[in-house]
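Close look at the chain arrangement
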Amino acid sequence: MTAPDLNTVVAALNGSDPNASTLITDYLAAFDPGSVRKEQATFLRLVIDSACKLLAPQFCVEVLSAAIGRYPAGSLTPLHAPLAKMCCMTRAYEYAVNELVPRPTDYMSTAAHHLVPQDHLEYHFYLAICLASCGDRQTSLFYFSLVLICGGEASSLIQVEAYQMYVLVGLLEHGRATPPEGMSQTLTRSLQVLAKPYDELAEAFARVLDAVFPKPPAAQDHLSANSIFNFTSPDTADLTTPIPTTLGPDEEPFAALQRVAATHMARFSENRAQRLVTEAIASVPMHCAIRIARVYTSISIGDLANGCHLGTPDDVRKMLHQASARGRLQGASITDDGWVLFPRSAAATTDSQSRAPAAAARFDPNNQAALIDMQRRMAQMTRQLDIDAATATAAGANTAGTATNAQQATPV
């Protein structure tokens, strides 16, 4: 199949040709990436952007995915970011993860593929959203951090969006959202203004977790209990329904968290983050229980309910079901006489956050040498992430929960 000439396609787009969609499809199906000269790179981007606007979303995903195959295997292309974005728009999250992971390993193709910094930022941003939507929040946080630590003289709007998602996903996954090390001072100053509601939400969340510990329970030998109800089967766990919460006179931090969420809910809704905020607040009981499990090996179900802002023992049971389904508090159990037992391993893999190394990706968008250095460092980190995941799998670890654990050199 012979591809239409790039200039012909662009002329059709500029002239509102009714056959423009067909020309775009035919061009992307048979074009030679190596024949696109540097001065034509803008035209190629126009064709790709027009494909996203003119083609049916599902069909566009297929066209872009096939066109990526025309580039050398493993290379990052101008098509990766639009494909990831279209997958988000069509909710084809699993398709994006399956097609774009394993991730490109060649970030050094700037000259050959005419990449610009925005290609890197948008690709990692949209793929991070797809990963989070598929439940792989650890790797998602790693990708968001890659976007955040790319800093030049000016901050990008997509970095602000990435930070907002980084905070919410971090609260869901770890109960905290510590900014990644290495963010530029320019971006940090911008976020203090543009992302203030999210910072206030994270601070209120942290205050709740810092005040979770109830009074020490009375000592009791729980190993002699006749029977134990184990929460090791997550098949029937409801992961979406928020756990009912109650407020008492001594629960001011939790009340403050709810007030912060209510105050900024209009902003969260504007950013289409209302559901994530609601889920983050609903995860408070689980993160409180994780904190308690680090201190106590056993606690009465009533004390645990109070410490986790839950109303009844049934709410505690539901929370433990949900936590187990998410790979947290594994092995937690309740005795017949109403005591919750936490094995030492229950909180062993919690409350750390995936962050890229500080010097991983700093670049000035106007400095080609700095951009190439950023690409080299990104490639190195991506390969390390793959190595860590393979090592964890070989060791029999839970791949979904530990894909990036070894990458986290600094605990939060």
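Rules and cut-offs
- Residues numbered from 1 in each chain as written.
- Predicted model: local features only at pLDDT ≥ 70, side-chain atom pairs only at ≥ 80, totals over all residues.
- Heavy atoms only, no water.
- Phe/Tyr/Trp six-rings, centres within 6.5 Å; stacked < 30°, edge-to-face > 60°.
- Helix = DSSP H or I, 4+ residues; strand = E, 2+ residues; numbered from the N terminus.
- Buried < 20%, exposed > 50% of the residue type's maximum accessible area, 1.4 Å probe, protein only.
- Polar contact = N/O pair within 3.5 Å; in protein donor to acceptor, adjacent residues only side chain to side chain.
- Contact = heavy atoms within 4.5 Å.
- Salt bridge = Lys/Arg side-chain N within 4 Å of Asp/Glu carboxyl O.
- pLDDT = per-residue confidence, 0-100.
- Core = buried A, V, L, I, M, F, W, Y, C linked by side-chain atoms within 4.5 Å.

This brings us to the packing of aromatic side chains. Using the criterion set out here, one finds six aromatic pairs in the structure. Note on Phe31 and Tyr71: the rings are 6.0 Å apart at their centroids and 65° apart in plane angle, and the pair reads as edge-to-face. Of this pair, Phe31 sits in the loop between α2 (20-30) and α3 (41-54) while Tyr71 sits in the loop between α4 (57-68) and α5 (80-89), and the two are 40 residues apart along the sequence. Under the relative-accessibility criterion, Phe31 is labelled buried at 2%.

What follows concerns the side chain of Asp315. Secondary-structure assignment places Asp315 in helix α18 (residues 313-325). One polar contact links the side chain of Asp315 to the main-chain amide nitrogen of Gly311, over a distance of 3.3 Å.

Position of Arg137 relative to the elements: it lies in helix α9 (residues 137-148). Classification of Arg137 by relative accessible area gives buried; the value is 18%. Residue contacts for Arg137: discarding those within four places in its chain leaves Val169, Leu172 and Glu173.

Moving on: the pattern of salt bridges. Should the charged atoms of two oppositely charged side chains come close, the side chains can pair. Tallying each qualifying case throughout the model produces eight salt bridges. As a salt-bridge pair, Arg45 and Asp119 come within 2.7 Å of each other at their nearest N and O atoms. Remark: Asp119 occurs in helix α8 (residues 117-133) and Arg45 occurs in helix α3; sequence separation between them is 74 residues. Of the residues examined, Arg45 reaches a relative accessible area of 24% and is grouped as partly exposed. For Asp119, a relative accessible area of 7% puts it in the buried group.

This part takes up the confidence of the model for the protein. Residue-level pLDDT values for the protein average 75, and 70% of them are 70 or greater. Of the regions scoring below 50 in pLDDT, residues 214-251 engages in 79 contacts with residues more than four places distant in sequence or in other chains. Confidence drops under a pLDDT of 50 for residues 388-412, and excluding neighbours within four residues, the segment shows 37 contacts in the predicted structure.

A word on the nonpolar core. Of all hydrophobic cores here, the largest spans 115 residues; its most connected members are Leu28 and Leu329. It is helix α10 (residues 157-174) that contributes the most residues to this core, 11 residues altogether. Apart from residues lying up to four places away in sequence, Leu28 is in contact with Val47, Ala51, Val63, Leu64, Ala67 and Arg70.

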